[in-house]
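Below are the chains, spelled out letter by letter.
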Amino acid sequence: MASAFLLDMTRCIGCEACVLACKAGNELPVEMQYIELIERTSGTFPNLVGGFENHRCYHCTDAACVAVCPTGALFKEDGLTRLDRDACSGCGYCVQACPYGVPKMVGGRSSKCDACASNVGAGGSPWCVTTCPAQALQFGDREKILAEAKSRVAALKDRYPKVQVYGETQAGGLGLVLVLPDDPETLDIPADPPLVPVTVDVWKHIVQPVSMGATALAAVGAGVLGVIARRNHLAELKELEEQEKAGVAAGGSESTEEER
Amino acid sequence: MARVDLQITRRQFLATGLAGTALAGTGMGPGRSNLSMRYPDPPWFATGEVVTTYNYCDMCPWKCGIAVQSVDGKVIKIDGNAPDPKSRGRLCGRGQAGVSFMNDPDRLQSPMIRTGERGEGKFREVTWEEALDYTAEKLLAIKDQYGPESLAIFGHTSGDFWFTDYFAQAWGTPNAAKPSSALCLSPRDEASTLTFGHAVGGHEPMDWEEMQCITLIGSHIGEDARNTVMQDFVEARARGAQVIVVDPRFSTAAAKADYWLPIKPGTDTALLLAWINVLITEERYDRAYIDQWATGFDELASHIQEFTPEWAAGITDLSADQIRTTIRVMADRSPQAVIMPGRHVTWYGNDTQRMRAEYLVNSLLGVYGRHGGMYFNKSPFLDSYPHPPFAVHGSSGGCSAEPGEESDVLPLGPSGKARADGAREAFLRGPTAMQELIDPMITDDPYRIAGLIVYGTNLLNSVPMPNRTIEALKKLDFVLAVDVLPQEHVAWADVVFPEATYLERYDQLSTVPHKTPFIQLREPAVPPMYDTMPGWMMARELGLRVGLDAFFKWETIEEYLNTRLRSVGSNLEKMHEAGGVIIQEGKPYLEDFEADGGTPFHTPSGKIELSVAELAEAGLDSIPVYEPTEEPPDGYYRLLYGRAPVHTFAKTQNTPDLSAVYPENELWINEDEAVALGYANGDRVWLENEAGDRTGPIAVKATQRIRKDAVFMVHGFGQQSSGLTNANGKGASDTKLMSRYKLDPISGGAGLRVNFVRLTEGG
């Protein structure tokens, strides 16, 4: 079952409570921030449209960051894009690949929202959702979130003629479903984010697995990306693959329990 | 003399513990089995027992009820307290950063006594015994030489009660002041008292749940991040309520508005008079309500005849059509249509009259005591801790004063002196005006003020004319600074008392006048860090040393609080178990008063006074008129200022998490003006006012979101204190550009939007 956030930008009042709740609840070091609010304005005085881009991970189903991540530090779980910072090697591919410009390198490792995996795993909600004074945020089953977004859009047509759901289809469907009062471009959000390049997909799913230890092919893979991968990636990858197997097994048993 | 062993603080805390707080956190238990396998480190709430304590937030003056979660004696996470009527389980960004505020490495850590010159910031660390004894000696010397009135006490934020209210009244000085009065709320509260017979109250009594139209005049919901107001505003709007925003700037709230009126600064009263004109001439006002509950209507009706929308259009830069349309939108939804009383309303010096004009519109719409309008708030019942009669009653007043302070006769101190701020002469009424106490410190007129206690007020970054304040600080015999951080003025103190933050102390109970009056608990999550002390303990220890033993009879704060709580059938333990809040019944609507034949309006007439005789008797306008404000000279812009959602006043700029999110302010200037001046976004400029005061550098934000005749910046930046790692020298200071203000002749408020600045290069 996929989970998702609902972010209703007709409600967001730009207070940044989400930003600080995320920092506090996840005990992020002072220089780390998973959410950033960026003021966006279009038009000329006094005919203006304004709002905030709530810049954070969009949790793409076809996640470019996951596709390019050579260590598996970025991975999909419950429809969300997780990041295990301990497994990150700091190559920075995700920073370049993300169509929304979300991951940042902090302290030599990737940094981005993981949808409060630990808190949600313990039966809670993401910290941004629980605090939002505007109740612009919800979190839950993606199908229900999408339905909620659509029903809100229907109810908001009078006030916002261009109101729309964003995230149903983009990047294979987003785990951050937005209710936007206007076209996404007004908030500097791409209407159609570029898909994961085929070359990256090929590298990740065909070249990389086959070429474990095969220097030449690895070099080809690196060449495709235009970046030289670190040598120790290969050793790390092997180790991580073993961990991944354990992880997948555990994940499988969990979902069985849930189905009961 | 029964003194508390000062070394006991921490020990006592650990021994007695927190009454009944060894409970697991309500939200999160220890870790569950289904944490993601990919995260080897358990999250904080899975590493030990989560202990929850209840508190009210001190990151801004709004005082949201909070639940504080700690693990192994470490405070980790603060959330809104679900049953609290202010937070309802949610919290703003500043509240979320409370742990970061507490753990700020720049905190004052030990009591200190000055060794260098005033302003040099050279101190030696001393014991509490020495700091308290020395301070007591200095205070008593001032009292002996000049009388108790010669001690001024300035205080702000939630512990200020102990100094600005309690100690001041016991000691006998009428010169206690809060910036929340004359630098903020006085005009709206005096206007309300004159019109309705009661102040607005700290928590504006807006009946949001049924409101159909909200008008904001210079209120910046969203940028002003008061949690409850944001919740209510967004919810009302989502329900379909219309929003009208009057602001020279396309604020966050303006971006949410159905109607934005980009008014010329300083002309709001003209707009309000035109709205009244339309309501009366088009007979859109609530005639039955006015007949029953108001006096002075005929006078008002003849007063506003010439103030047509066409007249106001020429003054306000708005169109007559905009003016008519918006008041009709309000009238169509009355009485569920309210102009929200602003908060910081000391703008142009005629502010009480402007606020009166707002209230007249509201009155004509029939909103007071009506569902979906403005309800009548009620203070919660709670006995005081018994104490002897005060030496002077009602020292400071303001938004957190005990009710009933205002009287016709100014209270006199023990040596027969009234307030030194010029009340009843320079201005008519209202609480002690902080900025009016600075001149007496320099001139000894009307009498010498020789000592100053500053509790939690960032003196040089909140009171206008900071150069004058420094002159006063140089002349005082004694200055005590009580603070959590080495704010700029702390360098000018003789003694520094480092305070424990709200997360580290018990404190006075917070009593909130409300639709459902309520009482909030503050209990410590952890003992005081470093060698700090709660404010109540400092005030008590000083009191015991200056002969005020009778006012500080309690041995422990727990005894004090339990004694008060007994009057509502509770105690600390019960209140903790009840979730840290006690909610009582209110009397919010007109029908509640009609039932027993009473009136909610405590004016001379017992009704809403559209025309005020007291003003006419004082030679002032009984009904508001529009007074033009001075225009900026060529090359200058009017300086406007406001808030960023993650900062409070000049208090939070150094808090690591908040500084990381919003490290410095920017200068909003109309993009076309910036281009004409040759500046682009991000260019760094210095600002200079007409008096030649300079501040900066500040980054230019060239934007379409502001009129061409004004610039805007977030207040509280441009601080100069080397002890503040994150805040020192960041951005520009609006306060340092306030080389003048215009005194409101009614409330004593300091109109601050009368300063003009230009952009310059270099330092």
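Numbers given for residues are sequential positions, taken from 1 along each chain in its written order. Chain labels run from A onward and ligand labels from 1 onward, assigned in the order the entries are written. Confidence filtering applies because this is a predicted model: local features only for residues at pLDDT of at least 70, side-chain atom pairs given and counted only at 80 or more, and all residues used for totals across whole chains, interfaces and linings.

## Quick word on the overall build of chain A
Assigned secondary structure in chain A consists of nine helices and ten strands. Burial analysis of chain A (260 residues in total) assigns 44% to the buried set. Here, residue contact means that the backbone-derived C-beta atoms of the two residues sit within 7 Å. At a minimum sequence separation of 6, the contacts of chain A that also span at least 24 residues come to 58%. Numbering goes from the N terminus for both helices and strands, where a helix is a DSSP run of H or I of at least four residues and a strand is a run of E of at least two. Burial in this document is a count-based property: other C-beta atoms within 10 Å of a residue's C-beta are tallied, and the residue is buried at 20 or more, exposed at 12 or fewer, or partly exposed in between, with C-beta positions derived from the backbone.

## As for the sheet that holds strand β6 (residues 151-155) of chain B
All names here are of chain B. A pair of strands is labelled paired if DSSP reports no fewer than 2 bridges between them. Pairing is mixed across the open sheet formed by seven strands, whose spatial order is β5-β4-β15-β14-β13-β6-β7. Each edge of the open sheet carries a strand with a single partner, namely β5 (123-125) and β7 (176-177). Note that β6 and β7 share two bridges and pair parallel. Bridging from a neighbouring strand, Ile 153 pairs with Ala 176 of β7. Helix α4 (residues 128-146) contacts β4 (112-114), β6, β13 (451-455), β14 (478-483) and β15 (495-498) of the sheet and is inclined by roughly 130° relative to β15. Angular values range over 0 to 180 degrees, each being the angle between N-to-C directions of two axes fitted as lines to C-alpha atoms, with helices fitted over their stretch in contact.

## So, unusual backbone geometry
With the exception of glycine, most residues fall at negative phi, and the peptide bonds are largely trans. Residues and elements named next belong to chain B. A cis amide bond links Ser 334 with the next residue in sequence, Pro 335, at an omega value of 0°. Among the secondary structure elements, Pro 335 is positioned in the loop between α13 (320-333) and β12 (337-339). In this model, Gly 696 is joined to Pro 697 through a cis peptide bond whose omega is -5°. Here Pro 697 lies in strand β23 (residues 694-703).

## Considerations on the interface of chain A and chain B
Every contact between the two is made by 47 residues of chain A and, on the other side, 50 residues of chain B. The set of elements that each furnish at least two residues to the side of chain A that touches chain B consists of α1 (17-25), β2 (36-44), β3 (47-55), β4 (74-77), α4 (117-121), α5 (127-131) and α9 (233-259) of chain A. Broken down by element, the side of chain A that touches chain B gets its largest block of residues, seven residues, from α1 of chain A. Three residue categories are used. Nonpolar comprises Ala, Val, Leu, Ile, Met, Phe, Trp, Tyr, Cys and Pro, charged comprises Asp, Glu, Lys and Arg, and polar comprises the others, including Gly. Residues that form the side of chain A that touches chain B fall into these classes: 19 nonpolar, 18 polar and ten charged.

## Brief notes about the sheet that holds strand β9 (residues 242-246) of chain B
All names here are of chain B. Across the sheet, which stays open at both edges, the four strands sit in the order β10-β9-β8-β12 with parallel pairing between neighbours. Every other strand in the sheet has two partners, leaving β10 (259-261) and β12 as the edge strands with one partner each. The sheet shows a mean angle of 10° between the axes of neighbouring strands, taken without regard to direction. Bridging between strand β8 (residues 213-217) and β12 involves three bridges; their strand directions are parallel. Along β12, the bridge assignment pairs Cys 213 with Ala 337.

## Concerning the confidence of the model for chain B
All names here are of chain B. Residue-level confidence of the predictor, termed pLDDT, takes values from 0 up to 100. Scored by pLDDT, chain B comes out at a mean of 93, with 93% of its residues at no less than 70. Predicted confidence for residues 1-37 stays below pLDDT 50, and this span has 64 contacts to residues more than four positions away or in other chains. Here residues 398-405 is modelled with pLDDT under 50, and outside its nearest four sequence neighbours on either side it reaches 17 contacts, counting other chains as well. Per the prediction output, this complex has pTM 0.91; the corresponding ipTM is 0.94.

## Observations regarding the environment of Lys 553 of chain B
Here Lys 553 of chain B is to be found in the loop between α17 (535-545) and α18 (557-566). Spatially, the C-alpha atom of Lys 553 of chain B lies 33 Å from that of His 489 of chain B, the residues being 64 residues apart in sequence.

## What to know about helix α9 (residues 268-281) of chain B
Since there are 3.6 residues in each turn of an α-helix, residues three or four apart along the chain are aligned in direction. Residues and elements named next belong to chain B. To estimate the expected span of a helix, subtract one from its residue number and multiply by 1.5 Å. For α9, built from 14 residues, the straight-helix expectation of 20 Å at 1.5 Å per residue is met to within 8% by its first-to-last C-alpha distance of 20 Å. Within α9, twelve of the 14 residues are buried, which leaves the element mostly enclosed by the surrounding structure. The set of residues buried in α9 consists of Asp 268, Thr 269, Ala 270, Leu 271, Leu 272, Leu 273, Ala 274, Trp 275, Ile 276, Asn 277, Val 278 and Leu 279. Where α9 is buried, its residues meet β8, β9, α12 (309-316), α13 and α14 (351-364). Following α9 by one or two positions, Glu 283 adopts a phi angle in the positive range, close to 50°.

## Things to note about the packing of α12 of chain B against α13 of chain B
Residues and elements named next belong to chain B. Axis separation between α12 and α13 bottoms out at 8 Å; the angle between their running directions is 115°. For α12 against α13, the interelement crossing comes out right-handed. Contacts from Pro 309, Glu 310, Ala 312 and Ala 313 of α12 reach α13 at Ala 320, Ile 323 and Arg 324. Tallied by class, the residues present in the contact of α12 with α13 amount to five nonpolar, no polar and two charged. It is the rotation of the near helix from the far one that decides the hand of a crossing: anticlockwise by less than a right angle makes it left-handed, clockwise makes it right-handed.

## Quick look at the domain arrangement of chain B
A common way to state how big an interface is: give the accessible area lost once the parts meet. Residues and elements named next belong to chain B. Domain boundaries in chain B define domain 1 (204-376 + 597-617) and domain 2 (637-760). Domain boundaries shown here were taken from an automatic or database domain assignment. Put simply, the middle of domain 1 and the middle of domain 2, counted by C-alpha atoms, are 29 Å apart. Listed as interface residues are 18 residues of domain 1 and, on the opposing side, 24 residues of domain 2. The class makeup of the residues in the side of domain 1 that touches domain 2 is seven nonpolar, six polar and five charged.

## Quick look at the confidence of the model for chain A
Summarising the model, chain A shows a mean pLDDT of 83, and 75% of its residues fall at 70 or more. Low pLDDT, under 50, characterises residues 244-260 of chain A; the predicted model gives this stretch eight contacts beyond four residues in sequence or across chains.

## Some words on the pairing of β15 of chain B
Residue and element names in this part refer to chain B. Burial along β15 is two-sided: the residues Val 495 and Phe 497 and Val 496 and Pro 498 are all buried. Where β4 lies against β15, two bridges are found, and the strand directions are antiparallel. Bridged to Ile 113 within β15 is Val 495.

## Some thoughts on the pairing of β2 of chain A
Residues and elements named next belong to chain A. Pairing analysis gives nine bridges linking β2 to β3, with the strands arranged antiparallel. Within β3, the position partnered with Ile 38 by the bridge is Glu 53. Linking two consecutive strands that pair antiparallel, namely β2 and β3, is a turn of two residues.

## Remarks on the environment of Arg 124 of chain B
Residue placement: Arg 124 of chain B occurs in strand β5. Judged by C-beta crowding, with 12 C-beta atoms within 10 Å, Arg 124 of chain B ranks as exposed.

## Details of helix α6 (residues 179-196) of chain B
If you check α6 of chain B, its first and last C-alpha atoms are 24 Å apart, about what 18 residues at 1.5 Å a residue would give, namely 26 Å. Bend is the name given here to the angle between axes fitted to two runs of seven residues, the run ending at a residue and the run starting at it. In α6 of chain B, a bend of some 85° at Leu 185 of chain B exceeds every other bend along the element, and Pro 187 of chain B, a proline, comes one to four places later.

## Some details on the environment of Val 568 of chain B
Residue and element names in this part refer to chain B. Inspection of the secondary structure puts Val 568 in the loop between α18 and α19 (572-577). For Val 568, a count of 17 C-beta atoms within 10 Å puts it in the partly exposed group. Along the backbone, Val 568 and Gly 349 are 219 residues apart, and their C-alpha atoms lie at a distance of 43 Å. In contact with Val 568, not counting residues within four places along its chain, are Phe 381, Leu 382 and Ile 582.

## Observations concerning the packing of α9 of chain B against α12 of chain B
Residues and elements named next belong to chain B. It is at 9 Å that the axes of α9 and α12 come closest, and there the two elements cross at 165°. What the angle tells us is that α9 and α12 run roughly antiparallel. Here the hand of the crossing between α9 and α12 comes out left-handed. Between α9, through Ala 270, Leu 271, Leu 273, Ala 274 and Val 278, and α12, the contact on the second element is made entirely by Pro 309, Trp 311, Ala 312, Ile 315 and Thr 316. Tallied by class, the residues present in the contact of α9 with α12 amount to nine nonpolar, one polar and no charged. Any angle that is under 35 degrees is reported as roughly parallel, and any over 145 degrees as roughly antiparallel; angles of 65 to 115 degrees are reported as roughly perpendicular and all others as oblique.

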